[in-house]
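A look at the structure
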Amino acid sequence: MLILGIETSCDETAAAIVESGTKIISDVRATSFISKKFGGVVPDKTAREQLKFILPVIQECLLSANRLPLTAIDALAVTFGPGLIGSLLIGVETAKTLSLALNKPIIPINHLVGHIYANWVETVPPKFPALVLLVSGGHTELILMRNHGQFKLLGRTLDDAAGECFDKCGRLLGLPYPYGPFIEQEAKKYKTKNDKYKILLPRPLINQRNLDFSFSGLKTAFLYAFQRAQESGTLTENFKAALAFELEETVTDILVSKLKRALEKFKAESILVCGGVAANQKLRKKLQSSIAHCPLYIPPISLCTDNAVYIAAAAYFSPRQVPISKITADPGLDF
Ligand code: KG4
Ligand code: ZN
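In short, a report on the structure. Predicted, not measured: the structure shown is a model, and the values here were computed from it.

**Here's the deal with the overall build of the protein**
Across its full length, the protein carries 11 helices and 10 strands. Taken against the 2.2 N^0.38 rule, which gives 20 Å for 335 residues, the C-alpha radius of gyration of the protein at 20 Å falls within 12% of a compact globule. Taking the principal axes of the C-alpha coordinates as reference, the protein spans close to 65 × 45 × 35 Å. In the protein, of all internal contacts separated by at least 6 residues, the share reaching a separation of at least 24 is 73%.

**Some thoughts on the sheet that holds strand β5 (residues 106–110)**
Read from one edge of the open sheet, five strands run β3-β2-β1-β4-β5, paired in mixed fashion. Because the sheet does not close on itself, it has two edges, and the strands there are β3 (23–31) and β5. Ignoring strand direction, the axes of neighbouring strands in this sheet form an average angle of 20 degrees. Packed onto the sheet, helix α3 (residues 85–102) meets β1 (2–7), β4 (75–81) and β5 and runs at close to 155 degrees relative to β4.

**Quick word on helix α6 (residues 179–188)**
Of all the positions in α6, only Tyr179, Ile183, Glu184, Glu186 and Ala187 are classed as buried. All buried residues of α6 lie within an arc of 165 degrees about the axis, which places them on one face of the element. Check the buried side of α6 and you find it contacts α5 (162–172), α8 (237–265) and α9 (281–290).

**Remarks on the sheet that holds strand β7 (residues 140–147)**
Spatial ordering of the open sheet is given by β8-β7-β6-β9-β10, a layout of five strands whose pairing is mixed. Here the strands that pair on one side only, and so sit at the sheet edges, are β8 (150–156) and β10 (296–297). Examined bridge by bridge, strand β9 (residues 270–274) and β10 share two bridges and lie parallel to one another. Counterpart to Ile271 in the pairing with β10 is Leu296.

**Let's talk about the site of ligand 1**
As a structural note, the neighbourhood of ligand 1 is formed by 19 residues, with His115, Gly137, Asp167, Glu184 and Gly276 the closest of them. Asn280 has a polar side-chain atom sitting 3.1 Å from a nitrogen atom of ligand 1. Across the complex, the protein chains shield 86% of the 550 Å² of accessible surface that ligand 1 would expose by itself. More than half of the atoms belonging to ligand 1 lie within 2 Å of the grid points that define the largest pocket. Secondary-structure elements contributing two or more residues to the shell around ligand 1 are α4 (111–117), α5 and α6.

**Quick look at the packing of α5 against α6**
As a packed pair, α5 and α6 sit with axes 8 Å apart at the nearest point and diverge in direction by 65 degrees. For the element pair α5 and α6, the recorded crossing hand is left-handed. Facing Phe166, Asp167, Cys169, Gly170 and Arg171 of α5, the residues of α6 in contact are Tyr179, Gly180 and Ile183. Broken down by class, the residue content of the contact of α5 with α6 amounts to four nonpolar, two polar and two charged.

**Topic: the pairing of β1**
Burial within β1 is extensive, with six of its six residues counted as buried. Across the two faces of β1 the burial is the same, with Leu2, Leu4 and Ile6 and Ile3, Gly5 and Glu7 all buried. Inspection of the sheet shows β1 paired to strand β2 (residues 12–19) by six bridges, in the antiparallel sense. Residue Ile6 lies in a different strand from β2, and its bridge partner there is Ala15. Between β1 and β2, which follow one another and run antiparallel, lie four residues. Looking at chain direction, β1 and β4 are connected through four bridges and run parallel.

Thresholds, definitions, all that
- Residues numbered from 1 in each chain as written.
- Chains lettered and ligands numbered in written order.
- Predicted model: local features only at pLDDT ≥ 70, side-chain atom pairs only at ≥ 80, totals over all residues.
- Heavy atoms only, no water.
- Helix = DSSP H or I, 4+ residues; strand = E, 2+ residues; numbered from the N terminus.
- Rg over C-alpha atoms; globule rule 2.2 N^0.38 Å.
- Contact = heavy atoms within 4.5 Å.
- Pairing = 2+ DSSP bridges.
- Axes fitted to C-alpha atoms, helices over the stretch in contact; angles between N-to-C directions.
- Buried < 20%, exposed > 50% of the residue type's maximum accessible area, 1.4 Å probe, protein only.
- Arc of directions from axis to C-beta.
- Near = heavy atom within 4 Å.
- Polar contact = N/O pair within 3.5 Å; in protein donor to acceptor, adjacent residues only side chain to side chain.
- Areas by Shrake-Rupley, 256 points an atom, 1.4 Å probe, with all protein chains shown as cover.
- 1 Å grid on protein atoms, 1.4 Å probe; cavity = no way out; pocket = protein on both sides within 12 Å on 5 of 7 lines; lining within 4 Å.
- Sits in = over half its atoms within 2 Å of the grid points.
- Left-handed = near helix turned anticlockwise from the far one by under 90°.
- Nonpolar A, V, L, I, M, F, W, Y, C, P; charged D, E, K, R; others polar.

Remember, this is a structural readout, not a statement about activity or role.
Written as structure tokens, this is what we have:
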């Protein structure tokens, strides 16, 4: 079964063709320069970019699938939320138009659920129940997935997401958008020899038994450490790298520790990590070295950040067809 997935929830315009939920036939993405230029997403400008890219991206997706005719698609899948309303509308209305013109079913997909299904692509299917750590720019959640389409929220951030924390701190350091990968690069520059810095960032909620997260205090502590160094004239390049290093250490410690706590409380046959922050090498290494007794799934880096492959994969495993008159973009959609 061939599904054409469409993803336009934020500033990535993506289309993909996936066979039977697991095999990538084609994967095309266009990233807007607008966010880079402004150092963050500008919703109305981003929506205009989505509009400009959507048809060429779908066209390119079919071309790179060995010139597959659109009529050979069995179904369409589209992200209908959460995200930016202007961006979501472009994908949703495009998918509805194609569905109507081709007389093909359409499966609306929650972007968060989509991220989870990156763990089904080109790999052995995970077993249920699965414990999910979803870490993206807007979400930090622990979820118990009992089966396809069955999600129980165990804990979430009480304020900012882990990705947001990386983004705001990266911006403060003067790094380019998208900040996460650049924080990672910056942290690698840190020369720990003759280390004289003592940057101690807080690890909020880490010792509490609940499965919630909090990153806003950490963000503020980072700001204060930055400002103190600025005022005392010690904000050297190596100090900035040290800050990035400590931030990465702290965020990844929190994520790993809460995941381990969830694993103590809930029986799981597999652990699924997903979302843009799952691309972080330090997080991947810490998870791999600290989780021994349960199969750990982390998608390849290319499937962690936003794409349409996981949207098509999710649609295959939760094939809830909805009439087009009932499909609307829902920016505030939750689990
Ligand atoms: O899943 P995603 O592409 O978009 C959302 O749905 O939010 O995640 C984007 C987030 C951003 O906050 C970005 O800084 C973060 O993922 N990110 C990373 C890395 N790559 C992306 N954070 C840390 N290390 C990375 N390598
Ligand atoms: Zn995402």
